[in-house]
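The chain contents come next:
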Amino acid sequence: MATERIICAGFGGQGVMSMGQLMTYAGMLEDKEVSWLPSYGPEMRGGTANCSVTVSDTPVGSPIITNDATTAIVMNLPSLIKFEKDVVPGGKILVNSSLIDQKVERTDVDVYYIPANEIALELGNAKVANMVMLGAYLEITKTVKTDSILEAFKKVFGPSKEKFIPLNKEALQKGAAAVTK
């Protein structure tokens, strides 16, 4: 796998921090080297939020990702505008096409448009749009296993939220399916 440097970005409340935490915990469960660095805007819900996640086979020197992300997972237009330039040539940008109608301008990256909000609504819960995006990312990169994400879910959200694991598993599967068509 080498090293994956991922930027997860969107509005507060879209689950970008959770997405990053899940990848980080899943990486730890798989004995990989990881880092998670959150960054919040002025307000938690509705403000901008992003996190930098590194999952690697070798020790992580710095949690900071600037101009060297291998992937950006963007949930809204301000995040696309801000982070499109930070992905390395040959990297990946996953775009939540439910909320972003603008196309990625770069031609030196692989771009995936995933209608995450529509897929989440089909599943009956708009809150799993982040898991749809995460499922798409995992299908493309195989950074960590889906089972590790579901195991990490218990750690990140605690025992009271375990009842949501089946829904989140389905969201991961639908996200994976969205990029294999």
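Residues numbered from 1 in each chain as written. Predicted model: local features only at pLDDT ≥ 70, side-chain atom pairs only at ≥ 80, totals over all residues. Heavy atoms only, no water.

1. Details of the overall build of the protein
Counting its secondary structure elements, the protein contains 6 helices and 6 strands. Taken over the C-alpha trace, the protein has a radius of gyration of 15 Å; the compact-globule value for 181 residues is 16 Å, and the two agree within 12%. Projected onto the principal axes, the alpha-carbon positions of the protein cover approximately 40 × 40 × 40 Å. In the protein, which comprises 181 residues, the share counted as buried stands at 50%. In the protein, the share of contacts with a sequence separation of at least 24, taken over all contacts with a separation of at least 6, comes to 56%. As displayed, the protein offers around 8,600 Å² of accessible surface, 52% of which is attributable to carbon and sulfur atoms. (Helix = DSSP H or I, 4+ residues; strand = E, 2+ residues; numbered from the N terminus. Rg over C-alpha atoms; globule rule 2.2 N^0.38 Å. Buried < 20%, exposed > 50% of the residue type's maximum accessible area, 1.4 Å probe, protein only. Contact = heavy atoms within 4.5 Å. Areas by Shrake-Rupley, 256 points an atom, 1.4 Å probe, with all protein chains shown as cover.)

2. Regarding helix α4 (residues 129-141)
For α4, which comprises 13 residues, the first-to-last C-alpha distance of 19 Å matches the rise-based estimate of 18 Å (1.5 Å per residue) to within 8%. Counting buried residues along α4, 11 of its 13 residues qualify, which places the element largely inside the surrounding structure. Backbone geometry just downstream of α4 places K142 in the positive-phi region, at approximately 60 degrees. (Expected span 1.5 Å × (residues − 1).)

3. Overview of the pattern of salt bridges
Counting across every chain of the model gives 6 salt bridges. Between K85 and D86 there is a salt bridge whose closest N-O contact spans 3.7 Å. The partner of E151 in a salt bridge is K154, with the nearest N and O atoms 3.3 Å apart. Separated by 3 residues within a single helix, E151 and K154 lie in helix α5 (residues 146-157), roughly one turn from each other. (Salt bridge = Lys/Arg side-chain N within 4 Å of Asp/Glu carboxyl O.)

4. Details of helix α6 (residues 165-178)
Residues that lie three or four places apart on an α-helix share one face, since the helix turns once every 3.6 residues. Here α6 is 14 residues long and its end C-alpha atoms lie 20 Å apart, about the 20 Å a rise of 1.5 Å per residue gives. Within the sequence span of α6, burial applies to I165, L167, N168, A171, L172, G175 and A176. Its buried side turned inward, α6 meets α4 and α5.

5. Some words on the packing of aromatic side chains
Taken as a whole and judged by the stated rule, the model has 1 aromatic pair. Summarising the aromatic geometry, the rings of F153 and F157 are spaced 4.6 Å apart at their centres and angled 45 degrees between planes, so their arrangement reads as tilted. A residue pair is termed a helical-turn pair when its members lie 3 or 4 positions apart in one helix, as F153 and F157 do in helix α5 at 4 residues. Taking relative accessible area as the criterion, F157 reaches 31% and is therefore assigned partly exposed. Just above the ring of Y113 sits the side chain of K103; from NZ or CZ to the centre is 4.1 Å. (Phe/Tyr/Trp six-rings, centres within 6.5 Å; stacked < 30°, edge-to-face > 60°. Lys NZ or Arg CZ within 6 Å of the ring centre and 35° of its normal.)

6. Examining the side chain of N96
Structurally, the position occupied by N96 is in strand β5 (residues 87-96). The contact partners of N96, leaving out residues within four places of it in the chain, are V74, M75, I114, P115, A116, N117 and M133.

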